[in-house]
Amino acid sequence: MDIVIPYTPREMQQELHQLIDNNRFTVIVCHRRAGKTVAAINHLLRDAILCPKPSPRYAYLAATFTQAKRIAWDYLKQFAGEIPGVRFNETELRCDLPNGARIMLLSAENPDALRGIYLDGCVMDEVAMMPESVFPMVLRPALADRSEEGNPKAGYCCFLGTPAGHNLFFDYWKQAAETDGWDRVMFKASQTHILPESELDAARVAMSEDQYEQEFECSFVANTPGAIFGKELQAIEEAGQVCRVPHDETKKVDTWWDIGMADATSVIFTQTVGNSSVNVIDYFEMRGEGLPFYARMLDQKGYLYGTHNGPHDLEVREMGTGRSRREIAYDLGINFRVIPKLPLEDGIHAAKTFIKRCYFDSEATSDLLEKLRLYHRKYDEKNRQFRTSVVHDFTSHAADAYRSLAVGWKPRSDLNAPQQRSADMSYNPLASTSL
Ligand SMILES: Nc1ncnc2c1ncn2[C@@H]1O[C@H](COP(=O)(O)OP(=O)(O)O)[C@@H](O)[C@H]1O
Ligand SMILES: [Mg+2]
């Protein structure tokens, strides 16, 4: 008996199916409304029907349960509904096929609940909206269970989505170009011609240029809406200041900190070149560790340190011990300079103007750069403007450490100069005008 699934793949969908068939890991970047969710569901359905193994398991992972239920579940019922003997479990969003195969619609909202499953294949849809841990902590182990000697494609995963800045999805996109067993493809609206020109024109009117570039032309670099350092970072990138900046062993390394006890701690490593430009050579971020951990980290980096600079909250006294963080750090060999406290907006202004002095190492500081690019202000939907408040999220620690650098940095000559003991009476306020 022939079963006909009511699905005729578009050209772009055919390419997508081929890519998934030919690789274990695929990253597919695609414009809105191209038909990626329809293609994903049909791919899983075909593989589930044809899988010769006992009890095959396939999963479609959406960012939220509501997304899975509202969009993918309807598609799954529509396409799998044609198969005689198929059963749908509406509460668990699960479809059981007559050959014992099962397709599950899962959500990335609670990754811990997904631990312990095994999978023959899966698709992650709208990866840009998912927490970072889902693939490495949950899906990757689930896929390892069904890997097979001689079949490098068993236990596959397809990462699907539309760009949303330089986030996790962008990392997978980069990884796919560099790693064996991975492949990638990008479909822009101007290439697929799936959406009629009139539809695209209407979208252009309703969206900002950056939004349109992101949603329909798959741009990872279109500015994050409300990005605080977007313009300045783009300018130095265009000027070639994001490049390889190797550690210079003949110069000391300064560090700039944002210290979080429950939250993340971020450390930026710089070397000053001449009296005005700053090489940002390294970056470190970790959460849930105490000061001894960071003292060891500094040792392991092996740099010869100049100054360690931290925010004013170093003076906070720890509960219990009654000692300040600066005192504890001092005992561990980190002698912190405390950076003067400035209002947040003044610090942000200082950071913006400081960016043009900096050369960033494109590899060792890529995490820092991406977080600085994504650091943004809240958007107020009702008033259609960016509010002045800054979003506190995973990017804030990098941005706060950078603020420490911008506010606290001094030319090397100033740092080395002995402290002035008495007023300098020979100072001539007009001397500089004669230059
Ligand atoms: N092969 C196809 N033939 C006809 N219509 C399709 C096909 N694939 C998708 N569609 C339709 O295109 C629209 C967008 O599909 P969807 O998969 O939800 O897009 P995306 O996930 O890329 O935003 C839906 O209305 C869907 O029914
Ligand atoms: Mg979709």
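Counting from 1, residues in each chain are numbered in the order their sequence is written. Chain labels run from A onward and ligand labels from 1 onward, assigned in the order the entries are written. Since the coordinates come from a predicted model, pLDDT governs what is reported: local features require at least 70, and pairs of side-chain atoms require 80 or more to be given and counted, while whole-chain, interface and lining totals use all residues.

Notes on the overall build of the chain
As a reminder of what qualifies: Counting from the N terminus, the helices are DSSP H or I runs at least four residues long and the strands are E runs at least two residues long. With C-beta atoms placed from the backbone, a residue is labelled by how many other C-beta atoms lie within 10 Å of its own: buried for 20 or more, exposed for 12 or fewer, partly exposed between the two.
Looking only at helices and strands, one finds 15 helices and 17 strands in the chain. Expressed as lengths along the three principal axes of its C-alpha atoms, the size of the chain is roughly 100 × 50 × 40 Å. Of all 435 residues assigned to the chain, the portion counted as buried reaches 36%.

Remarks on helix α1 (residues 11–22)
Quick note on the threshold: Each residue after the first adds 1.5 Å to the expected span of a helix. Each C-beta atom gives one direction from the helix axis, and the arc is the one those directions make. Contact between two residues is assigned when their C-beta atoms, built from the backbone, lie within 7 Å.
The end-to-end C-alpha distance of α1 is 17 Å, a good match for the 16 Å that 12 residues give at a rise of 1.5 Å each. Buried residues of α1: Met 12, Gln 13, Leu 16 and Ile 20, and no others. Buried residues along α1 cover an arc of 100° about the axis, so they all sit on one side. Residues of α1 that are exposed and angled more than 90 degrees away from the buried face: Glu 11, Gln 14, Gln 18 and Asn 22. Contacts made by the buried residues of α1 are with β1 (25–30), α2 (36–50), β7 (156–161), β8 (182–187) and α6 (189–192).

A few points about the site of ligand 1
Basically, it comes down to this: Being near a molecule or strand means, for a residue, that its backbone-placed C-beta atom lies within 6 Å of it. Note on residue classes: Ala, Val, Leu, Ile, Met, Phe, Trp, Tyr, Cys and Pro are nonpolar, Asp, Glu, Lys and Arg are charged, and everything else, Gly too, is polar.
Around ligand 1 there are 13 residues in total, and Ala 34, Gly 35, Lys 36, Thr 37 and Val 38 lie nearest to it. Looking at which element gives the most residues to the shell around ligand 1, the answer is α2, with three residues. The residue makeup of the shell around ligand 1, split by class, is five nonpolar, four polar and four charged.

Some words on the domain arrangement of the chain
Cut-off, in case you're wondering: For the domain bounds, the source is a domain assignment made automatically or taken from a database.
Here the chain is partitioned into domain 1 (11–223) and domain 2 (247–413). Taking the mean C-alpha position of each, domain 1 and domain 2 sit 37 Å from one another.

What about helix α5 (residues 168–178)?
All of the buried residues in α5 are Phe 169, Tyr 172, Trp 173 and Ala 176. Relative to the axis of α5, the buried residues are bounded by an arc of 105° and lie together on one face. In α5, the exposed positions angled more than 90 degrees off the buried face are occupied by Ala 177 and Glu 178. Those residues of α5 that are buried lie in contact with β1, β7 and β8.

Quick notes on unusual backbone geometry
Glycine aside, negative phi is the norm for most residues, and most peptide bonds take the trans geometry. Not every positive phi belongs to a glycine, and Arg 33 is a case in point at roughly 60°. With phi around 55°, Cys 218 is a residue other than glycine that occupies positive phi space. Structurally, Cys 218 can be placed in the loop between α8 (209–216) and α9 (230–238).

Details of the pairing of strand β10 (residues 253–258)
The condition is simple: The criterion for strand pairing is that DSSP finds at least two bridges linking the strands in question.
Most of β10 is tucked away: six of the six residues are buried. The sheet contact formed by β10 and strand β13 (residues 305–310) spans three bridges and is parallel. Residue pairing for β13: Thr 255 is matched across the bridge by His 308. Two strands pair when backbone bridges link them, and β10 and strand β11 (residues 264–273) are joined in this way by five bridges, in the antiparallel orientation. Directly across from Asp 254, in β11, lies its bridge partner Thr 270. Where β10 folds back on β11, the antiparallel hairpin that results is connected by five residues.

Focus on the environment of Pro 311
With respect to the helices, strands and loops of the structure, Pro 311 is situated in the loop between β13 and α11 (325–331). Leave out the neighbours within four places in its chain, and Pro 311 touches Trp 257, Asp 258, Ile 259, Ile 339 and Ser 404.

Details of the sheet that holds β7
Put simply, the rule is: Orientation is described by lines fitted to C-alpha atoms, with helices fitted over the stretch in contact, and by angles between N-to-C directions that extend from 0 to 180 degrees.
On the basis of which strands lie adjacent, the open sheet formed by eight strands has the order β3-β4-β5-β2-β6-β7-β1-β8 and mixed pairing. Two strands bound the open sheet, and with one partner strand each, they are β3 (87–89) and β8. Across the sheet, the mean angle separating the axes of adjacent strands is 15° when strand polarity is ignored. In the packing of α2 onto the sheet, the strands contacted are β1, β2 (57–62), β5 (102–107), β6 (121–125) and β7, and the crossing angle to β6 comes to about 170°. Across the sheet, helix α3 (residues 65–80) is in contact with β2, β3, β4 (94–96) and β5; its angle to β5 comes to roughly 160°.

Re the packing of helix α12 (residues 344–354) against helix α14 (residues 396–408)
We count it as follows: Under this scheme an angle from 65 to 115 degrees is roughly perpendicular, one under 35 degrees roughly parallel, and one over 145 degrees roughly antiparallel; angles in between are oblique.
In the contact formed by α12 and α14, the axes pass within 8 Å of each other and the chain directions differ by 80°. One element, α12, and the other, α14, form an angle in the roughly perpendicular class. When α12 is examined against α14, the residues Gly 347, Ile 348, Ala 350, Ala 351 and Phe 354 are found in contact with a partner set consisting of Tyr 402, Arg 403, Ala 406 and Val 407. Classifying every residue of the contact of α12 with α14 by side-chain character gives seven nonpolar, one polar and one charged.

Things to note about the nonpolar core
Threshold: By our criterion, buried Ala, Val, Leu, Ile, Met, Phe, Trp, Tyr and Cys residues that link up through C-beta atoms within 7 Å make up a nonpolar core.
Core analysis: the biggest nonpolar cluster contains 59 residues, and Tyr 60, Leu 105, Met 124 and Phe 159 have the highest contact counts within it. Setting aside residues no more than four positions away along its own chain, Tyr 60 makes contact with Ala 40, Ile 41, Leu 44, Ala 72, Ile 103, Leu 105, Val 123 and Asp 125. Counting 39 residues, the second largest nonpolar core, distinct from the first, contains Val 253, Trp 257, Cys 358 and Tyr 402.

Thoughts on the sheet that holds β11
The strand order β9-β15-β12-β11-β10-β13-β14 describes an open sheet built from seven strands, whose pairing is mixed. Unpaired on one side and paired on the other, β9 (242–243) and β14 (336–338) mark the two borders of the sheet. Judged from the three bridges that link them, β13 and β14 form a sheet pairing that is parallel. Bridge pairing links Gly 310 to Val 338 in β14. Its contacts with the sheet put helix α13 (residues 366–374) on β9, β11, β12 (277–287) and β15 (358–361), and the angle it makes with β12 is roughly 90°.

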